[in-house]
Each structure stands twice: as structure tokens, then as C-alpha cells.
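Overview (structure and organization)
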Amino acid sequence: MSATAHPPNPNDHPIAPYLRMDRMPHIWCPTCGIGTVVKCFATALEEADVDLDKVAITSGIGCTGRVAGYMKLDAFHTTHGRAIPFATGLKLARPELESVVFSGDGDLSGIGGNHFIHAARRNMDILVILVNNFIYGMTGGQNAPTTPISAKSSTMPFGNFERPFNLPHLAASCGASYVSRWTCLHIRRLTKCMRVALRRKGFRFIEVIAPCSTLYSRLNRLGGGLELMRFYHDNATIKHGIDTREVDIGFQDTIICGNFVDEEKPTFLEMMNAHYGKVLGDRYVPMPAEGGWLHD
Amino acid sequence: MTDANRVEIRITGFGGQGVVLSGHIIGRACAVHAGKHATMIQSFGPEARGSACSTTVAISDTEVLYPYIGRPDVFIVMSAEGYDKYRDELKNDGTLIYEKDLVRPKIKDGQPSFGVASTRIAEGLGRAIVQNIVMLGFFAAVTKLVPQEAMREAVAKSVPDGTQELNLRAFDAGWDAFEEEYGNTAGAEKEAEEALVST
Amino acid sequence: MKTDPKGVLTGVHYLDGDYACGEGAMAAGCRFVAGYPITPSTEVVERISRRFPFMGGTFIQMEDELASMAAVAGAAWTGTKSMTVTSGPGFSLMMENIGLAAMMETPCVVVNVQRGGPSTGLPTMVGQADMMQARWGSHGDYKVIAMSPQSPQEAFDLTIDAFNLAETYRVPVMFMMDECVGHMTEKVVIPDADEIDVVPRALSKKTPADYQPYAVNGRGVPEMVRAGDGYRFHTTGLTHDDRGYPEMSAERQQINVRRIMDKILLNVDDIVRIEEEDVDGAEVVVVAYGITARVARMGIDLARKQGVKVGFLRLVVVWPFPEKRIRELAAAVKAFVVPEINLGQMVLEVERCAAGQAKAVLVPHAGGGVHDPRVICDAIVEAAR
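Bear in mind that the values here come from a model prediction, so they are computed numbers and not experimental data. Here the residue numbering is sequential within each chain, running from 1 through the sequence in written order. Chains carry letters from A onward and ligands carry numbers from 1 onward, assigned in written order. Whole-chain, interface and lining totals are the exception, using all residues; otherwise, since this is a predicted model, local features are given only for residues with pLDDT of at least 70 and side-chain atom pairs are given and counted only at 80 or more.

A few words now on the overall build of chain C. Note on conventions: DSSP H or I runs of at least 4 residues are helices, E runs of at least 2 residues are strands, and numbering of each starts at the N terminus. Secondary structure summary: chain C contains 13 helices and 16 strands in total. Every radius of gyration here is taken over C-alpha atoms, with the globule rule written as 2.2 Å times N^0.38, N being the number of residues. At 21 Å, chain C has a C-alpha radius of gyration in line with the 21 Å of a compact globule built from 385 residues. Its C-alpha atoms give chain C principal-axis dimensions of roughly 70 × 50 × 40 Å. Counting other C-beta atoms within 10 Å of a residue's C-beta gives its exposure: the residue is buried at 20 or more, exposed at 12 or fewer, and partly exposed in between, where C-beta atoms are placed from the backbone. The buried share of chain C, reckoned over its 385 residues, is 63%. Of the contacts made within chain C by residues no fewer than 6 positions apart, 77% connect residues no fewer than 24 positions apart. Two residues qualify as being in contact provided that their C-beta atoms, derived from the backbone, are within 7 Å of each other.

The next subject is the interface of chain A and chain C. Accessible area lost upon the coming together of the parts serves often as the stated size of an interface. At the junction of the two partners, chain A supplies 43 residues and chain C supplies 51 residues. Elements with a contribution of two residues or more to the side of chain A that touches chain C: β2 (74–77), α3 (83–93), α5 (113–122) and α10 (268–280) of chain A. Broken down by element, the side of chain A that touches chain C gets its largest block of residues, eight residues, from α3 of chain A. Residues are grouped as follows: nonpolar covers Ala, Val, Leu, Ile, Met, Phe, Trp, Tyr, Cys and Pro; charged covers Asp, Glu, Lys and Arg; every other residue, Gly included, is treated as polar. Residues belonging to the side of chain A that touches chain C are distributed by class as follows: 20 nonpolar, twelve polar and eleven charged. Both β2 of chain A and strand β10 (residues 234–236) of chain C contribute to a ladder of three bridges, which runs parallel. Residue pairing in the sheet places F76 of chain A in a bridge with T235 of chain C of β10 of chain C. Should DSSP find at least two bridges between two strands, the strands are taken to pair.

To continue, consider helix α6 (residues 164–182) of chain B. All names here are of chain B. Under the convention used throughout, the expected extent of a helix is 1.5 Å for every residue step, that is, one less than its residue count. For α6, with 19 residues, the first-to-last C-alpha span of 27 Å sits near the 27 Å given by 1.5 Å per residue. Buried residues of α6: N167, A170, F171, A173, G174, W175, A177 and F178, and no others. Buried positions along α6 lie against β6 (113–116), α3 (118–124), α4 (131–143) and α5 (148–158).

Now for helix α6 (residues 152–169) of chain C. Taking 1.5 Å as the rise per residue, α6 of chain C with 18 residues should run 26 Å; its terminal C-alpha atoms sit 25 Å apart, in good agreement. Backbone geometry just after α6 of chain C places R170 of chain C at a positive phi near 50°.

So, about the pairing of strand β8 (residues 255–262) of chain A. Residues and elements named next belong to chain A. Of all eight residues in β8, six are buried; the element is thus mostly enclosed. Across four bridges, the pairing between strand β5 (residues 178–183) and β8 is antiparallel. Across the sheet, the residue bridging to R181 is G258, located in β8. Pairing of strand β7 (residues 236–238) with β8, which is carried by three bridges, proceeds in the parallel orientation. If you follow T237 over to β8, its bridge partner there is I256.

Right, let's talk about the sheet that holds strand β11 (residues 274–277) of chain C for a bit. Residues and elements named next belong to chain C. Pairing within the open sheet is mixed, and its five strands lie in the order β11-β13-β12-β15-β16. Only two strands of the sheet have a single neighbouring strand rather than two, namely β11 and β16 (359–364). Strand-to-strand twist in this sheet, taken as the mean axis angle between neighbours without regard to direction, amounts to 20°. For strand β15 (residues 335–340) and β16, the ladder comprises six bridges, and the chain directions are parallel. Bridge assignment links P339 to a residue of β16, and that residue is V363. To obtain each axis, a line is fitted to C-alpha atoms, and for helices this fit is confined to the stretch in contact; angles are then taken between N-to-C directions over 0 to 180 degrees.

Right, let's talk about the pairing of strand β5 (residues 108–116) of chain C for a bit. Taken residue by residue, a regular strand's side chains alternate between the two faces of the sheet. Residue and element names in this part refer to chain C. With nine of its nine residues buried, β5 lies for the most part within the structure. When strand β4 (residues 82–86) meets β5, the two strands line up parallel, connected through four bridges. Counterpart to T86 in the pairing with β5 is N112. Following the backbone out of β4, through helix α4 (residues 88–104) and into the adjacent parallel β5, one traces a crossover that is right-handed. Where β5 lies against strand β8 (residues 172–178), seven bridges are found, and the strand directions are parallel. Paired with V110 across the strands is M174, a residue of β8. Examined bridge by bridge, β5 and strand β6 (residues 122–126) share two bridges and lie antiparallel to one another. Note on β6: the bridge partner recorded for G116 is L122. Look down the strands so they point away from you; if going from the first strand over the helix to the second traces a clockwise path, that crossover is right-handed.

It is worth spelling out the sheet that holds strand β2 (residues 37–42) of chain B at this point. Taken in spatial order, the eight strands make up an open sheet running β6(B)-β5(B)-β4(B)-β1(B)-β3(B)-β2(B)-β9(C)-β1(C), and their pairing is mixed. Each having just a single partner strand, β6 of chain B together with β1 (11–16) of chain C make up the two edges of the open sheet. Within the sheet, the average angular offset between the axes of one strand and its neighbour, ignoring direction, is 20°. Each of β1 and β9 (184–190) of chain C touches α6 of chain C; the most contacted strand, β9 of chain C, lies at about 50° to it.

Once that is clear, we can look at the interface of chain C and chain B. With 18 residues of chain C in contact, the opposing surface of chain B contributes 17 residues. Breaking the side of chain C that touches chain B down by element, the ones donating at least two residues are β1, α7 (179–183), β9 and α10 (291–305) of chain C. The element best represented in the side of chain C that touches chain B is α10 of chain C, accounting for six residues. Its residues assigned to classes, the side of chain C that touches chain B comprises ten nonpolar, three polar and five charged. Inspection of the sheet shows β2 of chain B paired to β9 of chain C by two bridges, in the antiparallel sense. Bridging across to β9 of chain C, I41 of chain B finds its partner in M184 of chain C.

This part takes up the domain arrangement of chain C. Residue and element names in this part refer to chain C. Reported domain spans reflect what an automatic or database domain assignment gives. Along its sequence, chain C is carved into domain 1 (5–195) and domain 2 (273–384). The partner domain 2 presents 21 residues to the 23 residues of domain 1 that form the contact. Going through the elements one at a time, β6, α5 (131–136), β7 (145–147), β8 and α7 are the ones with two or more residues in the side of domain 1 that touches domain 2. Per-element tally for the side of domain 1 that touches domain 2: the top contributor is α5, with four residues. When its residues are assigned to classes, the side of domain 1 that touches domain 2 shows 15 nonpolar, five polar and three charged.

So, on to the nonpolar core. All names here are of chain C. Counting 282 residues, the largest nonpolar core has F336 and I380 as the members making the most contacts within it. Summarising the domain contributions, this core has at least three residues from each of domain 1 (5–195) and domain 2 (273–384). Among residues more than four places away in sequence, those in contact with I380 are V284, V286, G299, I300, A303, V308, V310 and V337. Only buried Ala, Val, Leu, Ile, Met, Phe, Trp, Tyr and Cys residues enter a nonpolar core, and they are joined through C-beta atoms within 7 Å.

Pairwise contact counts over the two pairs of chains in contact peak for chains A and C. In this structure chain A stays clear of chain B, and the shortest span between their C-alpha atoms is 17 Å.

Attention shifts here to the packing of helix α1 (residues 19–33) of chain B against α4 of chain B. Residue and element names in this part refer to chain B. Following both chains from N to C, one finds α1 and α4 inclined at 35°, their axes separated by 10 Å at the closest point. Judged by the sense of rotation from one axis to the other, the crossing of α1 with α4 is right-handed. For the pair α1 and α4, contact is made by L21, S22, I25 and I26 and by N132, M135 and L136, respectively. The residue inventory of the contact of α1 with α4, partitioned by class, reads five nonpolar, two polar and no charged. By definition, any crossing whose near helix is turned counterclockwise from its far helix by less than a right angle is left-handed, and any crossing with a clockwise turn is right-handed.

Looking now at unusual backbone geometry. Put simply, G117 of chain C and P118 of chain C share a cis peptide bond, and its omega is 0°. Mapped onto the elements of the fold, P118 of chain C is located in the loop between β5 and β6. Note the cis peptide between W319 of chain C and P320 of chain C, where omega equals -5°. Tracing the backbone through its elements, the reader meets P320 of chain C in the loop between β14 (317–319) and α11 (323–330). Backbone geometry at D49 of chain A places phi at a positive 55°, although glycine is not the residue there. Summarising the element assignment, D49 of chain A is placed in the loop between α1 (34–48) and β1 (55–59). Judged by the 10 C-beta atoms lying within 10 Å of it, D49 of chain A is exposed. A positive phi angle, close to 50°, is found at K144 of chain B, a residue other than glycine. Relative to the elements of secondary structure, K144 of chain B occurs in the loop between α4 and α5.

Right, dumping it as C-alpha cells:
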């Protein structure tokens with residue numbers, strides 16, 4: 001193949017095998033951060049050497065909600081806010097699956113917020129990757145539970161006055177065993193973080209701050225893609241292990257990144273199996289790893 | 001209702017006396033061990049917890065089409081509050097069976113009524129909790145509505161494992177209490193039966 | 001195939017409808033249940049949560065009914081037979097993901113032990129007012145199957161059928177009990193496991209390269225695979241093509257939505273289940289379901305004593321509605337009498353199918369109790385005039 005004579009074949013891209021190349025091009029805007037996060041995840045899957053046949057990915061609705069649609073995995077594009085319980089059902093009914101949720105801030109912490117806190121409380125055996133662009137992108141830039149105070153959105157045209165969630169703190173205080181935050185500029189660190197999270201158990205939460213240049217950036221006059229990346233470069237600091245109470249994000253303020261929580265604690269499935277094993281002894285029949293399906 | 005051989009029973013007491021289990025055992029005895037049809041309904045809701053608690057059983061030789069009861073043929077009462085709440089619905093000639101240390105019934109003329117000290121008898125067996133099973137033994141002896149063995153089988157199948165023997169003793173004690181108290185009274189048993197047949 | 005004996009509590013029991021429904025699910029091979037407690041359905045999951053640990057089943061009490069239905073839809077894609085259980089208020093919340101299950105063509109069972117509504121209504125008392133919601137409750141055009149048991153025995157038997165129908169047609173099946181059946185205790189005979197036929201997940205034999213999750217077979221039902229078997233398929237609640245990829249077009253919408261309707265419509269004769277008594281030569285036919293079917297038979301007996309020729313048609317499967325049969329009967333009878341514990345739901349369907357050939361007379365009951373059989377009798381006598 002002559003690299004100079006022809007444009008590069010997208011199918012030769014190292015992560016092409018992880019993507020549904022028959023669905024390219026994707027719907028995301030130029031300079032959107034979601035694609036970068038997907039690239040990091042695909043790389044992490046490769047580096048972590050997981051059996052891709054056993055990875056199921058579930059998304060809700062929204063821009064990040066389209067991620068499941070582009071990953072070449074068993075993929076579920078579900079309803080708004082319900083990716084976590086859907087992924088919970090997949091995991092519990094076939095425990096050998098690595099059940100991954102990939103969705104946005106509005107989806108997982110707004111309409112799906114109740115599921116988020118309860119899955120974290122249970123230390124449910126799922127990996128949740130939340131791309132936070134501070135706004136509802138797909139529907140046109142409405143206010144989100146993550147929109148920083150004073151930032152403008154299409155439904156807070158004079159600036160937001162609601163206090164936003166500090167999502168790592170929410171996850172950590174509910175009991176998640178693994179909590180991190182990165183921006184989509186931290187490609188290597190984010191990839192490594194995902195790789196580590198794939199090897200951990202329980203409720204693993206990774207928040208990735210990503211730009212929405214079409215809406216959030218335009219409404220708030222933050223410039224184009226390059227300016228946004230430069231902002232992350234200049235304003236993101238890494239503080240591993242910091243108390244998650246400290247990681248609030250103010251409007252155009254410092255973004256504290258790092259691995260905040262990485263604790264070994266029993267997961268939902270471990271607790272259930274251990275408890276029934278203790279109480280019922282040999283009479284306990286756990287759900288088979290390959291699922292409780294009827295077959296000859 | 002339209003069913004000539006239908007018998008309706010209401011059991012009442014306070015929460016914790018095993019009212020629902022009593023209804024379950026009567027129903028099970030009829031439906032599973034005596035070849036009849038029996039539909040039990042328990043009253044649900046806040047009023048069923050702690051205070052007056054009630055369950056009903058409709059028994060028939062054919063399918064019970066209407067599960068609720070109208071005016072019961074047999075009224076088993078284990079608490080004063082339950083008696084006050086439901087006493088008026090008992091048929092005028094319906095059979096009243098009551099815990100005689102807890103309930104002071106106002107018996108209508110011609111109403112077959114039978115009292116038993118089921119709580120004291122249960123305490124005598126060492127466990128007050130089997131009071132309801134004593135009452136069931138007494139009920140079975142009074143009404144002969146369900147064969148004694150069917151009732152005993154239903155008791156054995158319905159109580160927690162390991163308590164069968166105690167519960168069967170309680171049942172027999174209730175049965176014997178009837179025999180002792182009313183067994184010699186000529187006609188009492190017959191009267192009760194007639195009361196049921198006439199419904 | 002025959003079912004897994006681990007879930008079958010063979011014997012003669014004295015059970016309420018809720019427990020019997022739970023036993024039916026376990027006997028059908030259901031091994032995943034997600035639910036949120038709500039009267040008067042809670043006994044179903046209490047029964048299951050007590051027995052599941054001994055048979056490889058997992059019950060999880062979710063944070064709400066939205067989550068319960070979503071978890072069930074997810075679990076169903078592993079091949080594990082899955083169910084959720086609720087009553088009216090929870091049923092309303094489940095509608096979102098019942099629509100998802102319908103669109104993704106996900107086999108699962110949703111039990112609704114109906115109480116009086118609307119809103120919180122009568123939590124502990126009977127209603128049958130969710131029948132239209134079962135059919136139309138989620139947005140958009142779709143079809144489901146709904147069944148209505150009249151006794152604890154049927155709560156057991158029909159729950160098995162509900163799982164089998166769900167697998168056969170890849171649809172969520174609404175199991176429309178009512179509080180009366182749910183809370184009444186009667187004899188329930190549970191047969192041996194080798195007498196219980198169940199429909200296992202019909203897995204595609206195609207290779208991952210050839211498999212398309214929404215390419216149809218002969219009866220209009222696409223083949224399914226399990227998550228985790230290497231197919232790396234895609235499914236979505238968006239309008240989609242045979243690959244399960246979103247396609248936003250009027251043409252694809254027509255194909256996609258038509259097909260999820262047609263797989264029920266074209267197989268309607270196999271799905272419809274009714275029971276008839278003495279409809280030949282009847283002047284009036286009573287149409288009823290659930291607990292009302294039992295009470296209606298008493299009203300019929302009373303009316304017959306007054307010389308009216310009355311037939312009886314019981315809806316065992318309520319949706320799809322036995323349109324063809326009602327149309328046939330409408331040509332021969334004066335009227336249909338429809339007692340139901342609501343202020344007029346299935347009667348609308350009877351009226352539609354009768355199409356003016358025969359009257360459709362509602363015998364309403366707002367809920368909280370069952371009909372007085374004499375009221376049903378009076379309606380029959382009046383309709384026969």
C-alpha cells in the first residue's frame with residue numbers, strides 16, 4: 001500500500017477493529033471531545049487484553065449516548081437515563097460480562113441520577129464512563145445538572161444560578177470503589193485510567209470533561225476547539241487521592257483531575273454470593289457465569 | 001350466593017394471633033385434603049396490622065365463583081375488637097365460635113355459640129402462640145365441616161417445620177375441649193350441623 | 001423443551017394468586033427478576049426472593065420501577081428469562097422501558113396486579129382499569145400480548161404461557177392480574193417438571209458475520225442471540241434497519257413499526273385465547289376477564305333462571321383482542337354485556353368489533369370490589385329485551 005499516493009484507509013486505523021466502521025462518519029461535531037474518549041476506551045480495551053466478546057456496552061440518550069452505537073461490541077442504545085439499570089440487568093443475568101455504561105452528564109446524573117447513586121451504593125459490578133460537557137448537547141444546549149454557576153445555557157440565557165453536581169464526590173460518597181476524573185486532553189492518563197478500571201471490580205466511575213464547542217462554548221464565548229484544549233492544558237491540575245469534596249468545578253475554573261478513589265471493597269455480586277453462601281451453605285445455587293438461560 | 005352448598009366463614013382476631021394462618025388451614029383442609037373448593041381472602045391494609053385482623057373462607061362443593069363473603073355461616077372470634085367490628089354480619093342462625101376469656105359475646109336467641117379458652121389451653125401446652133390452632137381444633141369439632149384428618153393434615157403442612165407435633169397437640173386439645181364442654185350436651189353438635197346445612 | 005426442574009415446586013398447594021404467579025415464573029425457567037415493592041403485587045417477588053437462591057436465580061430490588069423494567073430488558077438479552085412485577089403506579093413508570101422492550105423486541109414478562117386507580121387510588125383493593133394502558137401505555141405504535149388469569153391456578157399456568165409467548169414473538173407480555181386474584185388463596189396444582197413445556201431462547205445459527213438482529217424469519221419474528229456470545233450486535237430504541245442501526249427516515253419507520261405490529265397481527269390466530277360457553281343460539285353474550293369472569297358466571301346463572309339465553313366468552317389472552325370472533329358473534333346476538341372493574345375499557349373494543357351489529361353494554365364498577373352478580377344479571381336481562 002502506498003501511503004503517499006492515496007488517502008489513508010480508515011479501516012487501517014489501529015482502533016478500527018473496535019468500531020463499527022460501517023457507521024462512520026459519526027454524528028459528533030468537529031472539536032467535540034467524545035470521539036477522543038472513545039479512542040481512549042478502545043485503546044484501553046486493547047491494552048487491558050479483555051475478551052471483547054464478553055464486553056457489553058450500554059448507553060442512554062444524548063451525544064455521548066451514541067457511543068454504544070459506534071463500538072463493535074454487544075451494544076445497547078437504550079432510553080434516556082436508564083443505561084445503568086439496563087447494564088445492571090445484563091451483568092446480573094450473565095455475570096461473566098464486563099458491563100460498561102458510556103453516557104453523558106445529563107443522561108446519567110440528571111434523568112438517571114437516581115440509578116447512578118443506587119448503583120454506586122450497591123457497588124454494582126459495572127464500569128461507568130461519563131462524558132461531562134456541562135450541557136445538554138443533542139437537544140440544543142439546555143442547562144444540565146453539571147452546568148457551572150454563571151455559565152450560560154439555552155434555558156439559562158442569563159447564566160445558571162443552580163448549584164451543579166460534583167460527580168466524583170457523589171459517586172465516592174455513595175460507595176463507588178473506583179472514582180477518577182480526566183479531561184479529554186489527558187489521552188494517555190485517561191487511557192491508563194480506563195485500563196486500570198477494567199481490571200478493578202465494583203462500581204467504577206470515570207468522569208471525562210470534554211468540550212462542546214457547538215453549544216456550551218459558543219453560548220459562553222469560550223472560543224474554538226484549540227482554545228478549549230488550551231484551557232484544559234492551562235487549568236487542569238492532577239491531584240491523585242484528593243478528597244472528592246474538593247473537586248467542584250466552577251465556571252472556567254480549575255479542573256482537578258486524578259484518581260480519587262481506588263479501593264478494594266466487596267461488590268454487589270461478591271456480597272450477594274458471599275452472603276447466600278454463608279447463610280444457605282451448599283444449598284445456594286448462584287447464577288451461572290454464562291447466565292441463567294434455559295438450554296439443553 | 002346462588003350456590004346452595006356454600007359455607008362462609010369469617011375469622012377475626014388481633015394481628016399476631018395467626019388469624020390468616022387459621023383461614024389458610026381451613027381453606028387448605030377443604031381444598032387440598034377434603035376434595036372441596038375453598039377460597040380464602042385476607043383483609044389487607046393498615047387496619048390489618050396490630051389491630052383487628054380478619055380473613056374469610058368460602059367453601060363449596062363446586063367452584064367458588066364469588067370469592068368474598070356476605071353473611072358468614074360461621075364466625076370465629078379471637079378478640080373483642082374483632083367481635084365488635086364483625087358481629088352484626090353473622091347470620092342470625094350462624095354459628096359463633098369465640099375465645100371465651102377474651103370475648104364477651106351478646107348471643108342472640110337461637111344462635112349456636114361455643115366458647116373455648118384457647119389461649120389458656122395453648123399456654124398449658126407451653127406456647128401461647130398455638131392458640132389459633134387450639135381454636136381450629138375446637139372449630140373442627142363444633143362444625144364437623146371438614147373431616148378431622150383433613151384438618152390435621154392441613155395443620156401439619158401449614159406450620160413451620162419442627163413445630164408440627166406441638167401444633168397437632170394444640171389441635172387435638174381444641175377438639176377435646178369441645179368434647180368435654182359440649183360433647184355430652186345432647187343436640188349441641190347436631191344443632192350446629194343443622195345450622196350449617198340450613199344455610 | 002421441558003423446563004428446569006429446579007424451579008418447579010411439584011405438588012398440590014394452597015396458594016394465593018401472587019405466590020402462584022411467582023411459582024409459575026420459576027417453573028417457566030425465569031431466573032432474573034427486578035422489581036420495586038408495591039401493593040398488591042409484592043408477594044410475587046417475596047415468594048421469588050425466598051426461592052431464587054436455591055435455583056440459580058437472581059432477584060434485585062431496584063430503586064424504582066423505571067430501573068426495574070430497564071434491568072429486565074437488559075437481562076433478557078443474556079437469554080435469561082426475566083420478569084418484573086408491579087401494580088398501577090409502577091406500571092405507569094415502566095411504560096418507558098416497555099416501549100424500549102417492544103422496539104428492541106425483547107422477550108420479557110411484566111406482571112401488573114391491578115388495584116384501583118388513578119394515581120395512588122386504592123392500594124389494597126381490586127381494579128381492572130389498566131387494561132388499555134397495557135395495550136397503549138407507552139408512546140408510539142407497537143403491540144404487546146396481555147393475559148388475564150381468573151384464579152391462582154391460572155396465575156401459575158398462564159405465567160408459564162406468558163414466558164413462552166414472550167420468547168415466541170419477542171415481545172414484552174403483560175400479565176394483567178387483579179388484586180382479587182392476586183390475594184385470593186385456592187388450590188394450585190403444580191405438575192412435574194417433565195410435564196411443563198417451555199420455549200427456550202431460539203438462538204440464531206448464523207455466524208456473527210451473517211447475523212442481523214432484525215432480519216425476519218417466516219413468521220415475522222427476527223432471530224435472537226445472547227449478549228456475550230461473540231456476535232457484537234447492536235440494538236437501539238431508535239428506528240432501525242435489519243442490522244439494528246439507527247435510520248431516520250419515513251421509509252424505515254414504515255418498515256420497522258409495521259413489522260413489530262405485524263408479527264402480532266399476522267399470528268393473531270395463534271395468540272388469541274378465549275373460552276366460550278353456550279354462545280350458539282345465545283341472545284346475549286357476556287364478555288369478561290380476570291376475577292370478573294368468575295363473578296359474571298353467577299350473573300349468567302341468575303339471568304338464565306329468568307329465561308334469557310346467555311352465552312359466555314372469557315378473554316384469557318386479552319391483547320391481541322379476539323376481533324374476528326367478536327365480529328362473528330355480533331352478527332348472531334342482540335348484545336354483548338361486558339362487566340369490568342373499570343368505567344369502560346375492554347367494552348370499547350367489543351363495541352368496535354361489533355361495529356353496530358350488536359349492542360355492547362358496559363357493566364361498570366369503579367373498583368374496590370367485584371360486581372354484585374345481580375347487577376350483571378340485570379344488565380343481561382335488560383340487554384336481551
